[in-house]
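Observations on the model geometry
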Amino acid sequence: MVNVALLVRVKAKPGKEIEVEAFLKSALPLANQEAATTVWFALKLSPSEFGIFDAFANEAGRDAHLSGPIAAALMANAAELLSEPPSIERVDVLAAKLST
């Protein structure tokens, strides 16, 4: 069951769109290693705007993710790749369908 999630939006600097896309794709193996991360999606919202949606059973899992390697790598590369700081929203999951 998932109860809480993160909705993250990032805007690439002009000319850095390919690098942001590659960075997000490269984070999948890290997400797969996080036991508390139930689902993780990297999204392309427009040519220069990207997103991450991930969900967790509880607040502890969400907090562990926020202090984990994906968040650390995103923040370490933000000044080089992003036109503004990431928008990170803590959201509640009202309903979900997950395949097993």
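Let me sum up the structure you'll find in this document. All of these numbers come straight from a predicted model, not from anything done at the bench. (Residues numbered from 1 in each chain as written. Predicted model: local features only at pLDDT ≥ 70, side-chain atom pairs only at ≥ 80, totals over all residues. Heavy atoms only, no water.)

A cluster of nonpolar side chains, namely Phe41, Leu43 and Leu45, defines an oily patch on the protein surface of about 250 Å² accessible area. Examined against the element boundaries, Leu45 turns out to sit in the loop between β2 (37-44) and β3 (49-56). Overall, Leu45 belongs to the partly exposed group, its relative accessible area being 42%. (Patch = residues over 30% accessible without salt bridge, like charges linked within 9 Å, V, L, I, M, F, W, Y side chains within 5 Å. Areas by Shrake-Rupley, 256 points an atom, 1.4 Å probe, with all protein chains shown as cover. Salt bridge = Lys/Arg side-chain N within 4 Å of Asp/Glu carboxyl O. Helix = DSSP H or I, 4+ residues; strand = E, 2+ residues; numbered from the N terminus. Buried < 20%, exposed > 50% of the residue type's maximum accessible area, 1.4 Å probe, protein only.)

This next bit is on the side chain of His65. Tracing the sequence through the fold places His65 in helix α3 (residues 59-66). Residue class for His65 comes out buried when judged on its relative accessible area of 5%. Excluding anything up to four places from it in sequence, His65 contacts Leu6, Glu34, Thr37, Trp40, Asp54, Phe56, Ile70 and Ala71. (Contact = heavy atoms within 4.5 Å.)

This part is about the sheet that holds strand β1 (residues 4-11). Strand order in the open sheet made by the four strands is β2-β3-β1-β4, with antiparallel pairing throughout. Strands with a single pairing partner mark the edges of an open sheet, and in this sheet they are β2 and β4 (87-92). The average undirected angle you get between the axes of adjacent strands in this sheet is 15 degrees. Two elements, β2 and β3, share seven bridges in a ladder whose sense is antiparallel. Bridged to Val39 within β3 is Ala55. Packed onto the sheet, helix α1 (residues 17-26) meets β1, β2 and β3 and runs at close to 15 degrees relative to β3. (Pairing = 2+ DSSP bridges. Axes fitted to C-alpha atoms, helices over the stretch in contact; angles between N-to-C directions.)

A few words now on the nonpolar core. Counting 19 residues, the largest nonpolar core has Val10, Val20, Leu24, Trp40, Phe50 and Leu82 as the members making the most contacts within it. Listing elements by their share of this core, those giving two or more residues are β1, α1, β3 and α4 (69-81). If near-sequence neighbours (up to four positions away) are discounted, Leu24 is found in contact with Trp40, Ala42, Leu43, Phe50, Gly51 and Ile52. Within the second largest apolar cluster, five residues are counted, among which are Val2, Val39, Ala55 and Val93. (Core = buried A, V, L, I, M, F, W, Y, C linked by side-chain atoms within 4.5 Å.)

Here α1 crosses α4 at 175 degrees, and the two axes come no closer than 11 Å. As far as their axial angle goes, α4 and α1 are roughly antiparallel. Seen from α1, the contacting residues are Glu19, Val20 and Phe23; seen from α4, they are Ile70, Ala73, Leu74, Asn77 and Leu81. Each residue belonging to the contact of α1 with α4 can be placed in one class, and the counts come to six nonpolar, one polar and one charged. (Parallel < 35°, antiparallel > 145°, perpendicular 65-115°, else oblique. Nonpolar A, V, L, I, M, F, W, Y, C, P; charged D, E, K, R; others polar.)

Checked against the element boundaries, Asp54 lands in strand β3. One polar contact links Asp54 to His65, side chain to side chain, over a distance of 2.6 Å. In this structure, Asp54 is in contact with Val4, Ala5, Leu6, Thr37, Val39, Trp40 and His65, ignoring residues within four places of it in sequence. (Polar contact = N/O pair within 3.5 Å; in protein donor to acceptor, adjacent residues only side chain to side chain.)

Below, the discussion takes up α1. For α1, the full list of buried residues reads Val20, Phe23 and Leu24. Viewed along the axis of α1, the buried residues span an arc of 95 degrees, placing them on a single side of the element. Those residues of α1 that are exposed and aimed more than 90 degrees away from the buried face are Ile18 and Lys25. Those residues of α1 that are buried are in contact with β1, α2 (28-32), β2, β3 and α4. (Arc of directions from axis to C-beta.)

Geometry only, nothing functional implied.
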